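These are the residues of each chain, in order.
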Amino acid sequence: MKTLFEKIVDGEIPAKIIYQDDICAAINDINPQAPVHVLLFPKKPIERLSKAEQSDADTLAHLMLTVPNVAKICGLDNGFRVVINNGKDAGETVPHMHIHILGGTTLGWPPC
Ligand code: 5GP
């Protein structure tokens, strides 16, 4: 069964894809928590970060190296935050690992 993000990449659920390559894609979050709130995920799903295996190393590295490119596309020249919610206590709701890229304002810290 396809994940939500696989359905989005396959055009079965509408979303503006703001970046994609062979390995990953980025979309705007449907419920933004900052002026810019993007989700970057691998096209081949990893359920969550804690389920990643050594064979996912290249994909994870590619995702991290793609974050600044997506941030640049979004105009986040003054900075951005990356968040990965892993599991119930972190508020994970979509079991297809993704990186939240947040910015467009001065973000508070600590986050809770
Ligand atoms: P998580 O809570 O798993 O870390 O992040 C999942 C994110 O997916 C949430 O921020 C939520 O707003 C977003 N989301 C859920 N459903 C959709 C959808 O159909 N389209 C888009 N673009 N984002 C979604």
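So, here's what we can say about the structure.

Some points on the side chain of Arg48
- When you line up the elements, Arg48 lands in the loop between β3 (36–42) and α2 (57–73).
- Among the polar contacts listed, one links the side chain of Arg48 to the side chain of Glu47, at a separation of 3.2 Å.
- Setting aside residues up to four positions removed in sequence, Arg48 forms contacts with Asn86, Gly87, Glu92, Pro95 and Met97.

Here's the deal with the sheet that holds strand β1 (residues 17–20)
- An order of β1-β2-β3-β5-β4 is seen for the five strands of this open sheet, with the pairing classed as antiparallel. In this open sheet, the two edge strands, each paired with only one partner strand, are β1 and β4 (81–83). Taken over all neighbouring pairs, the strand axes of this sheet differ in orientation by 20° on average, direction set aside.
- Alignment of strand β2 (residues 24–28) against β3, held across five bridges, turns out to be antiparallel. By the bridge assignment for β3, Ile27 is matched with Leu39.
- In the packing of α2 onto the sheet, the strands contacted are β1, β2, β3, β4 and β5 (99–103), and the crossing angle to β3 comes to about 155°.

About the criteria used
- Residues numbered from 1 in each chain as written.
- Predicted model: local features only at pLDDT ≥ 70, side-chain atom pairs only at ≥ 80, totals over all residues.
- Heavy atoms only, no water.
- Helix = DSSP H or I, 4+ residues; strand = E, 2+ residues; numbered from the N terminus.
- Polar contact = N/O pair within 3.5 Å; in protein donor to acceptor, adjacent residues only side chain to side chain.
- Contact = heavy atoms within 4.5 Å.
- Pairing = 2+ DSSP bridges.
- Axes fitted to C-alpha atoms, helices over the stretch in contact; angles between N-to-C directions.

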